[in-house]
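Per-entry structural report
If you want the building blocks of each chain, they are given just below.
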Amino acid sequence: LRLWEAATGKEVICLKGHSSSLLSVIFSPDGKTLASWSYDCTLRLWEAATGKETCCMKGHAGAVASVAFSPDGKLLASAGLDGTLRLWEAATGREITDLKGHGGIVSALAFSPDGRTLASGGADRTVRLWEAATGKETACLNRHQGTVSSVAFSPDGKLLASASHDGIVRL
């Protein structure tokens, strides 16, 4: 994993820790933490300024497919190719809960702007809504005919968009 200075393209730091190919990376809302996930079934947190690994989270039996920080940066959600969805305490890496409901790969995650709701989508062609504080499923939306590949809330949190391999975006 490499960090680059955007203005110059100069490499700032190279982070090593994963034992397999990386799938993606995101910054925390405050930009101080970097999350990376990989085919090695781990989710790792790094100090963006120093490159120091602060946490290695294990729990998925398959590769981690998607990760999302809550807007306040206190929670981290991860979705896996193993069909699991997990909530973590971002500061410590402690697993808070394992959310059960999807019937296959979970491939998309998004927190609502207020951080109260987590949306997930997956190969079971559903979008599920979860209460972030409790992990309780509050809704299951099942209008897609293909794997849900992306979910996103509008900035005011009143709309949720989902995109699917069926070629349709739904609001």
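Residues numbered from 1 in each chain as written. Predicted model: local features only at pLDDT ≥ 70, side-chain atom pairs only at ≥ 80, totals over all residues. Heavy atoms only, no water.

This next bit is on the overall build of the chain. Helix and strand content of the chain: zero helices and 17 strands. The C-alpha radius of gyration of the chain comes to 16 Å, within 12% of the 16 Å expected for a compact globule of 171 residues. Principal-axis analysis of the C-alpha atoms gives the chain an extent of 45 × 35 × 30 Å. Across the 171 residues in the chain, those meeting the buried criterion constitute 43%. For the chain, the accessible surface area stands at approximately 8,700 Å², while carbon and sulfur atoms represent 51% of it. Mean positive and mean negative side-chain charge positions of the chain (18 and 17 charges, respectively) differ by 1 Å. (Helix = DSSP H or I, 4+ residues; strand = E, 2+ residues; numbered from the N terminus. Rg over C-alpha atoms; globule rule 2.2 N^0.38 Å. Buried < 20%, exposed > 50% of the residue type's maximum accessible area, 1.4 Å probe, protein only. Areas by Shrake-Rupley, 256 points an atom, 1.4 Å probe, with all protein chains shown as cover. Lys, Arg positive; Asp, Glu negative; His and termini not counted. Charge placed at Lys NZ, Arg CZ, Asp CG, Glu CD.)

A word on the nonpolar core. Ala-77, Leu-85, Leu-87, Leu-99, Leu-109, Phe-111 and Leu-118 are the most contacted members of the largest nonpolar core, which totals 13 residues. For this core, the secondary-structure elements that each account for two or more residues are strand S8 (75-80), strand S9 (85-89) and strand S11 (106-111). Apart from the residues within four sequence positions on either side, Leu-87 is in contact with Leu-76, Ala-77, Arg-94, Glu-95, Ile-96, Thr-97, Leu-99, Phe-111, Leu-118 and Ala-132. Formed by 12 residues, the second largest nonpolar core is a distinct cluster that contains Cys-55, Met-57, Val-64 and Ala-90. (Core = buried A, V, L, I, M, F, W, Y, C linked by side-chain atoms within 4.5 Å. Contact = heavy atoms within 4.5 Å.)

As for its position among the elements, Gly-115 is in the loop between S11 and strand S12 (117-122). Through-space distance from the C-alpha of Gly-115 to that of Lys-32 is 19 Å; in sequence the pair is 83 residues apart. If we skip the residues at most four places from it in the chain, Gly-115 touches Pro-71 and Ala-132.

This part takes up the environment of Asp-30. Summarising the element assignment, Asp-30 is placed in the loop between strand S3 (22-27) and strand S4 (33-38). Remark: the alpha-carbon pair of Asp-30 and Gly-83, spanning 53 residues in sequence, is separated by 29 Å. Within the structure, the side chain of Asp-30 is placed 2.9 Å from the backbone nitrogen of Lys-32, a separation counted as a polar contact. (Polar contact = N/O pair within 3.5 Å; in protein donor to acceptor, adjacent residues only side chain to side chain.)

Distances and angles like these do not, on their own, reveal function.
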